[in-house]
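# Observations on the three-dimensional arrangement
Given next are the chains, with one letter for each unit.
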Amino acid sequence: MSVRSANTPTPVEVKTAVEGFRLWPGALDAAAQGDLVAEVFARLDDAPLYRPTTPGGRPFSVQMSNFGTLGWVSDRGGYRYQSTHPETGRPWPAIPTMLLDLWDATVGWTTPPDACLVNLYRDAAKMGLHQDKDEADLGAPVLSVSLGDTATFRIGAAEGGRTTTLRLDSGDVCALTGPARLARHGVDRVLAGSSRLIPGDGRLNLTLRCAG
Ligand SMILES: O=C(O)CCC(=O)C(=O)O
Ligand SMILES: [Fe+2]
């Protein structure tokens, strides 16, 4: 198990407008980060990254794919989870065991995740403020792993009010739990060149969810 302090994880409860945003700074050491990136890219041969469009028809700046029995997709038909890749029609590859172990070591939620969204931020890609609310059980946490370039992440209450900005560095793991499960959040920018971890550069974000 390559999760640092997996037996006694010590999350930091980050003070934001809403309680329940937890951060494990440096949860993955350099070796674990390298292993995970290799596992992810091997699976992306089967489930290639693609650029979804919003329901309004605008392409996302982030490239996406998924692992697990369900994957998050967006197109003119709306946001939803489905069991196959929209471009290849094939089932999504399995979630890497390392990520399932990380889920067990951190969020304290006994049901394993069935969905892992892969987000690749290259160039000026970013993600606008949104809520994660397409999952069947909105009580289950969302666990997010950051790899590669540092992100400027913003989080606020479910509706309106002030937002808090923090940096997510490579190897950091965070979770939306409890009242923060429906917090608005997004990535304002990615600091290009802050890491050399990702083949072709950029930032890789993996989010684990109980979708179905
Ligand atoms: O890239 C990130 O850190 C956030 C990703 C995210 O919010 C999402 O995929 O719903
Ligand atoms: Fe999100």
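The chain is annotated in an unreviewed UniProt entry as Alpha-ketoglutarate-dependent dioxygenase AlkB from Brevundimonas nasdae.

## Observations concerning the overall build of the chain
Secondary structure assignment for the chain yields two helices and 13 strands. Relative to the compact-globule value of 17 Å for 212 residues, the chain shows a C-alpha radius of gyration of 16 Å, a close match. In terms of overall dimensions, the chain has C-alpha extents of about 40 × 40 × 35 Å along its principal axes. For the chain, the residues scored as buried account for 39% of the 212 residues in total.

## Observations concerning helix 1 (residues 30–44)
Over its 15 residues, helix 1 extends 21 Å from the first C-alpha to the last, a length consistent with the 21 Å expected when each residue adds 1.5 Å. Residues Gln33, Leu36 and Val40 constitute the buried set of helix 1. In an axial view of helix 1, the angular spread of the buried residues amounts to 70°, which keeps them on one side of the axis. Of the exposed residues in helix 1, the ones pointing more than 90 degrees away from its buried face are Ala30, Ala31, Ala38 and Ala42. Residues of helix 1 that are buried sit in contact with helix 2 (97–106), strand 6 (115–121), strand 8 (142–148) and strand 13 (203–209).

## Some words on the environment of Leu70
Position of Leu70 among the secondary structure elements: in the loop between strand 3 (63–68) and strand 4 (71–75). The buried category is assigned to Leu70, around which 25 C-beta atoms lie within 10 Å. Sequence-wise, Leu70 and Arg209 are 139 residues apart; in three dimensions their C-alpha atoms are separated by 9.5 Å.

## A short note on the environment of Gly171
In this structure, Gly171 sits in the loop between strand 10 (163–168) and strand 11 (173–176). For Gly171, a count of 22 C-beta atoms within 10 Å puts it in the buried group. In sequence terms Gly171 and Ala27 are 144 residues apart; their C-alpha atoms lie 5.7 Å from each other. The residues contacting Gly171, other than those within four sequence positions of it, are Gly26, Ala27, Leu28, Asp29 and Gln33.

## Overview of the sheet that holds strand 12 (residues 184–190)
Consider a sheet: its strands pair through backbone hydrogen bonds, and that pairing is either parallel or antiparallel. An order of 7-12-9-10 is seen for the four strands of this open sheet, with the pairing classed as antiparallel. Here the strands that pair on one side only, and so sit at the sheet edges, are strand 7 (127–130) and strand 10. Here the strands of the sheet are splayed against their neighbours by 20° on average, with no regard to which way each runs. The pairing of strand 7 with strand 12 spans two bridges and is classified as antiparallel. For Met127, the partnering residue across the bridge sits in strand 12 and is Val187.

## What to know about the site of ligand 1
The immediate surroundings of ligand 1 are formed by Leu117, Asn119, Met127, Asp132, Ser144, Ala151, Phe153, Leu168, His185, Val187, Asn205 and Thr207. Of all the secondary structure elements, the ones that give two or more residues to the shell around ligand 1 are strand 6, strand 9 (151–156), strand 12 and strand 13. Looking at side-chain class alone, the shell around ligand 1 contains six nonpolar, five polar and one charged residues.

## Side note on the sheet that holds strand 6
Taking strand neighbours across the sheet as the criterion, the seven strands line up as 1-2-11-8-13-6-3 in an open arrangement whose pairing is antiparallel. At either margin of the open sheet sits one strand with a lone partner, and together these are strand 1 (12–13) and strand 3. Along the sheet face, helix 1 touches strand 3, strand 6, strand 8 and strand 13 and points at about 100° away from the line of strand 8.

## Structural notes on the nonpolar core
Counting 49 residues, the largest nonpolar core has Leu99, Ala115, Cys116, Val118, Leu143, Val173 and Leu206 as the members making the most contacts within it. Ranked by the residues each element gives to this core, the list is headed by strand 6, at six residues. When neighbours within four sequence positions are excluded, Cys116 is seen to be in contact with Asn66, Phe67, Gly68, Ile95, Leu99, Leu206, Thr207 and Leu208.

## Some points on helix 2
Turning to helix 2, its buried residues are Leu99, Leu102, Trp103 and Thr106. In a view along the axis of helix 2, the buried residues occupy a sector of 105°, so they form one face of it. Along its buried surface, helix 2 packs onto strand 2 (21–24), strand 6, strand 8, strand 11 and strand 13. Phi for Gly108, located one or two positions after helix 2, is positive at around 65°.

What counts, and at which threshold
Residues numbered from 1 in each chain as written. Chains lettered and ligands numbered in written order. Predicted model: local features only at pLDDT ≥ 70, side-chain atom pairs only at ≥ 80, totals over all residues. Helix = DSSP H or I, 4+ residues; strand = E, 2+ residues; numbered from the N terminus. Rg over C-alpha atoms; globule rule 2.2 N^0.38 Å. Buried ≥ 20, exposed ≤ 12 C-beta atoms within 10 Å, placed from the backbone. Expected span 1.5 Å × (residues − 1). Arc of directions from axis to C-beta. Contact = placed C-beta atoms within 7 Å. Pairing = 2+ DSSP bridges. Axes fitted to C-alpha atoms, helices over the stretch in contact; angles between N-to-C directions. Near = placed C-beta within 6 Å. Nonpolar A, V, L, I, M, F, W, Y, C, P; charged D, E, K, R; others polar. Core = buried A, V, L, I, M, F, W, Y, C linked by C-beta atoms within 7 Å.

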